[in-house]
Amino acid sequence: MTSGKWIIGGVVLALVGVIVSCCGLAAGTFSARSYVERSYARSTVDDIGSDAKGFRSDRPPAEVADELSREFQPADRFIDGDRHYLRYGDDSVVILPAALGSLILVERMATAHARYRPVVGNSWNWQRGSTTRGGGPGTGK
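Quick summary incoming for the structure in this document. Only a predicted model underlies this, so the values are computations on that prediction, with no experimental measurement involved.

Moving on, we get to the nonpolar core. Val36, Tyr40, Leu68, Tyr88, Val93, Ile95 and Ile104 are the most contacted members of the largest nonpolar core, which has 15 residues in total. Of all the secondary-structure elements, those providing two or more residues to this core are helix 2 (32–39), helix 3 (61–71), strand 5 (91–98) and strand 6 (101–108). Discounting residues that sit within four places of it in the chain, isoleucine 104 has contacts with Val36, Tyr40, Lys53, Gly54, Phe55, Ser57, Val64, Val93, Val94 and Ile95. Core analysis: the second largest hydrophobic core is formed by 10 residues, Tyr85, Leu103, Leu105 and Tyr116 among them.

It is worth spelling out helix 2 at this point. Given 3.6 residues per helical turn, the α-helix brings residues three or four places apart onto the same face. All of the buried residues along helix 2 are Ala32, Arg33, Ser34, Tyr35 and Val36. On its buried face, helix 2 sits against strand 2 (52–57), helix 3, strand 5 and strand 6.

Throughout the structure, instances matching the rule amount to 10 salt bridges. As a salt-bridge pair, arginine 56 and aspartate 46 come within 2.7 Å of each other at their nearest N and O atoms. Of this pair, arginine 56 sits in strand 2 while aspartate 46 sits in the loop between strand 1 (41–42) and strand 2, and the two are 10 residues apart along the sequence. The exposure class of aspartate 46 is buried, given its relative accessible area of 16%.

About the criteria used
Residues numbered from 1 in each chain as written. Predicted model: local features only at pLDDT ≥ 70, side-chain atom pairs only at ≥ 80, totals over all residues. Heavy atoms only, no water. Core = buried A, V, L, I, M, F, W, Y, C linked by side-chain atoms within 4.5 Å. Buried < 20%, exposed > 50% of the residue type's maximum accessible area, 1.4 Å probe, protein only. Helix = DSSP H or I, 4+ residues; strand = E, 2+ residues; numbered from the N terminus. Contact = heavy atoms within 4.5 Å. Salt bridge = Lys/Arg side-chain N within 4 Å of Asp/Glu carboxyl O.

Below you can see the structure in the form of C-alpha cells.
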C-alpha cells in the first residue's frame, strides 16, 4: 500500500510541475509586445534600424491604441493629436497615422526614451517600471 501512495504522490507532483511550467511559458507571451506581434501585420520597411519594429493596421491610431490599452494597461499614455505613445515596463508602443490606417512601432524603452522625449517631454515618466506622474499643487505631497 505504501508504494501506491508514493506513485500517486509522484504523479501529483509531476502534474503540478507541468502546470507551473505551462503558466511560466504562457506568461512570457502575454505582453504588449507579443500582442502587437500576434495581432498586426509585420512591416519591416517601417523598422527604425534595429531599435524599433514596424507593424501595420488598417484601423486608425485611436482604435489601435484603445484596443491595446484594453488588453494591456500601459504605465503611461500620451496623445498628441492622432499620435499615441504608450509606455510599458520595458517597451514603448507608438501608434502613428499612416496612409491606410496606422503604423505601430514597438521599441525598448532604452532607445525609445531619447527618440520620443522631445514629444512627450515631462508628461511621460521614463523611469523603468514607474507609474508616477510628476508633482504639483494638490498631488498629495
